Amino acid sequence: MFPTHSDDDVLFFGGVISYYAIEEELTVQTAFMTDHRYEPFRNHERLNGLWEMGVRHYPIVGTARDFYTMSLQEAANYHGYDPILEWQVQQIRRFKPLVIIGHDPEGEYGHGQHQLNTYCLVQAVEMAADARDYPWIALQYGLWDTPKLYLHLYEENPIIFDVNTVLNNDPAGRTPYEIAQDAYVCHVSQAGYFEVSQNPNSVMDCTRFGLYRTLVGYDTGGDLMEHTARGE
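This text gives an overview of the structure that appears in the document. Position labels on residues start from 1 in each chain and follow its written sequence. With pLDDT at 70 or above as the cut-off, local features in this predicted model cover only qualifying residues; side-chain atom pairs require 80 or more to be listed or tallied, and sums for whole chains, interfaces and linings still use all residues. For the side-chain quantities, the full set of heavy atoms in the structure was used; hydrogens and water were omitted.

**Some points on the packing of helix α4 (residues 82-95) against helix α5 (residues 112-127)**
Angle between the axes and distance between the axes: these two values describe a pair of packed helices. Where α4 meets α5, the closest approach of the two axes is 9 Å, and the angle between their N-to-C directions is 50°. One element, α4, and the other, α5, form an angle in the oblique class. The element α4 and its partner α5 pack so that their crossing is right-handed. On α5, the residues touching I84, L85, Q88, V89, I92 and R93 of α4 are L116, N117, C120, L121, Q123, A124, V125 and M127. In this classification, the charged set is Asp, Glu, Lys and Arg, the nonpolar set is Ala, Val, Leu, Ile, Met, Phe, Trp, Tyr, Cys and Pro, and all remaining amino acids, among them Gly, are polar. The class makeup of the residues in the contact of α4 with α5 is 10 nonpolar, three polar and one charged. Helix axes are fitted to C-alpha atoms over the stretch in contact, other axes to C-alpha atoms as well, and angles between N-to-C directions run from 0 to 180 degrees. The way it works is that DSSP assigns letters per residue, a run of H or I at least four long becomes a helix, a run of E at least two long becomes a strand, and they are numbered from the N terminus. Here the angle decides the label: under 35 degrees means roughly parallel, over 145 means roughly antiparallel, 65 to 115 means roughly perpendicular, and every other value means oblique. The hand of a helix crossing depends on one turn: near helix anticlockwise from the far one by less than a right angle means left-handed, and clockwise means right-handed. The contact criterion used is simple: two residues touch if any of their non-hydrogen atoms lie within 4.5 Å.

In structure tokens:
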């Protein structure tokens, strides 16, 4: 997962994370673009939320400062493209994911940092497989061509992810949606700003994704891992 801020993982990917981490017991690795070093409490909230969703792998956190922007260009002017691209390529080559999930290209509610994250991510996925790009990272981790890339709210090759079926492996007998709601409670500093949603008319809907890129074929069902080494 490539969320931008602490709490984006819960709001947009929380149902997906909870299902695959808890029910399928798969490795879910998060890589957050922004470092809340000026709001250190948000780093603790991030860990608590991930733990609630069943994630047991420590998040990777980038060095970009959290800064609200209203356009891709404004975010790019502030952060630049290359630092984000290099960091993303490093994570992709390091962890070699079967599936990557990123933000809505429009930044959900128009957040420029979300837009920048995804604008770079779709390029980084290609670059991670090309030895000409960031060869010093390839020397350390090798190359990786990710089988599937999904984007939140992307309209092509759409999938509606089921977040309402009770998970057998959750001791409390919750659904992925309920787990995501509980995880968002951990983000105390963000209370009142947003809420986990499955409203199909909302940009906060945590069920809608689109398959942006695939090396293994298109989906026939609701499993994001379909056609991968795990989903065969």
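The discussion continues.
**Section: the nonpolar core**
Grouped burial of nonpolar side chains is what soluble globular proteins tend to show. Core analysis: the largest hydrophobic core is formed by 34 residues, its most contacted members being V16, I101, Y150, V196, F209 and L224. Elements represented by at least two residues in this core include exactly α1 (8-23), β3 (99-102), α7 (176-185) and β6 (208-214). Examining the composition of this core, we find that nine residues originate from one element, α1, more than from any other. Aside from chain neighbours lying at most four places away, what touches V16 is M1, I101, F161, F209 and L224. We call a set of buried residues a nonpolar core when its members are Ala, Val, Leu, Ile, Met, Phe, Trp, Tyr or Cys and they connect through side-chain atoms within 4.5 Å of each other. A 1.4 Å probe rolled over the protein chains alone gives each residue an accessible area, and that area as a share of the maximum for its type sets the label: buried under 20%, exposed over 50%, partly exposed in between. By size, the runner-up hydrophobic cluster in this structure holds 26 residues, among which are I92, V125, I137 and L149.

**Quick notes on the packing of aromatic side chains**
Whether two aromatic rings pair depends on their centres lying within 6.5 Å, for rings of Phe, Tyr and Trp, where Trp uses its six-membered ring; planes under 30 degrees apart make the pair stacked, over 60 edge-to-face, and the rest tilted. Scanning all chains against the criterion turns up 11 aromatic pairs. Consider the rings of F2 and W87, whose centres lie 6.2 Å apart with planes at 90°: the pair is edge-to-face. With a gap of 85 residues between them, F2 in the segment before α1 and W87 in helix α4 connect regions that are remote in the sequence. Comparing F2 with W87, the two get one shared label, buried. Here Y81 and Y119 contribute two aromatic rings whose centre-to-centre distance is 5.4 Å and whose plane-to-plane angle is 45°, an arrangement assigned as tilted.

**Observations regarding the sheet that holds β3**
Between any two strands, pairing holds if DSSP finds at least two bridges. Taken in spatial order, the four strands line up as β3-β4-β6-β5 in an open sheet, and their pairing is mixed. The strands lining the two open edges of the sheet, one partner per strand, are β3 and β5 (158-160). The mean inter-strand angle of the sheet, taken between neighbouring strand axes irrespective of direction, is 30°. Most of the contacts of α5 go to strand β4 (residues 148-152), to which it runs at about 175°, and overall it touches β3, β4 and β6.

Note that all results are geometric; they support no functional claim without further evidence.
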